[in-house]
Amino acid sequence: QVQLVESGGGLVQPGGSLTLSCAASGIIVSINSMGWYRQVPGKQRELVAFIASGGTTTYADSVKGRFTISRDNAKNTVYLQMNSLKPEDTAVYYCKAILPGRVYWGQGTQVTVSS
């Protein structure tokens, strides 16, 4: 079994920064890709950013130029550096990992952008 543990969420003022981390643990042979989704009440979960094992990245248009995703393959950890945060970035952020034959989700971490 694989577990994803997220950290780094919290309350930040508009224009501020936060860094989210997601560490995968358990029996891991390889991770194809890892990334972040977010969800607000009443809306569908949406892609924020994703990174493949080779380093190829994908970003939602709404976060391009403000968020940066990176990963440490040796630590099975993915990071999301979030800069210039806006109130509309407020959501629960979920980590997702795609392994051969399985998809795993973290429990989510709350990010609130408010003055």
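Here is what the cut-offs are and how they apply
- Residues numbered from 1 in each chain as written.
- Predicted model: local features only at pLDDT ≥ 70, side-chain atom pairs only at ≥ 80, totals over all residues.
- Heavy atoms only, no water.
- Disulfide = S-S within 2.5 Å.
- Helix = DSSP H or I, 4+ residues; strand = E, 2+ residues; numbered from the N terminus.
- Buried < 20%, exposed > 50% of the residue type's maximum accessible area, 1.4 Å probe, protein only.
- Phe/Tyr/Trp six-rings, centres within 6.5 Å; stacked < 30°, edge-to-face > 60°.
- Lys NZ or Arg CZ within 6 Å of the ring centre and 35° of its normal.
- Polar contact = N/O pair within 3.5 Å; in protein donor to acceptor, adjacent residues only side chain to side chain.
- Contact = heavy atoms within 4.5 Å.

Caption draft 1: Geometry of the state of the cysteines. If you walk through the whole model with that rule in mind, you get 1 disulfide. Here Cys22 pairs with Cys95 through a disulfide, and the sulfurs are 2.0 Å apart. One disulfide, between Cys22 and Cys95, carries an S-S torsion of -85° and so falls in the left-handed class. Highlighted residues: Cys22 in strand E3 (residues 18-26) and Cys95 in strand E9 (residues 91-99), separated in sequence by 73 residues. What makes Cys22 buried here is its relative accessible area of 0%.

Caption draft 2: Focus on the packing of aromatic side chains. Counted according to the given criterion, the structure contains 2 aromatic pairs. Ring geometry for Tyr37 versus Phe50: centroids 6.1 Å apart, planes at 80°, classification edge-to-face. Of the two residues, Tyr37 is situated in strand E4 (residues 33-39) and Phe50 in strand E5 (residues 46-52); the sequence distance between them amounts to 13 residues. Seen in terms of ring centroids, Tyr37 and Trp105 are 5.1 Å apart; in terms of plane orientation they differ by 70°. Their pairing is edge-to-face. Of this pair, Tyr37 sits in strand E4 while Trp105 is found in strand E10 (residues 102-105), placing the two residues 68 residues apart along the sequence. Given the relative accessible area of 17%, Tyr37 is considered buried. On the basis of relative accessibility, which here comes to 36%, the residue Trp105 falls in the partly exposed class. Here the aromatic cluster, defined as three or more aromatic residues joined through ring pairs, consists of Tyr37, Phe50 and Trp105. Seen from the ring of Tyr94, Arg45 lies directly overhead, with NZ or CZ sitting 3.7 Å from the centre. Between Arg45 and the ring centre of Trp105, over which it is positioned, the NZ or CZ distance is 4.7 Å.

Caption draft 3: Representation of the side chain of Asp89 in the model. If you trace the backbone, Asp89 turns up in the loop between strand E8 (77-82) and E9. At 3.0 Å, the side chain of Asp89 and the side chain of Arg38 are in polar contact. Looking at Asp89, its side chain comes within polar contact range of the side chain of Arg66, at 2.7 Å. Contact partners of Asp89, with chain neighbours within four places excluded, come to Arg38, Arg66, Phe67, Ser84, Val111 and Val113.

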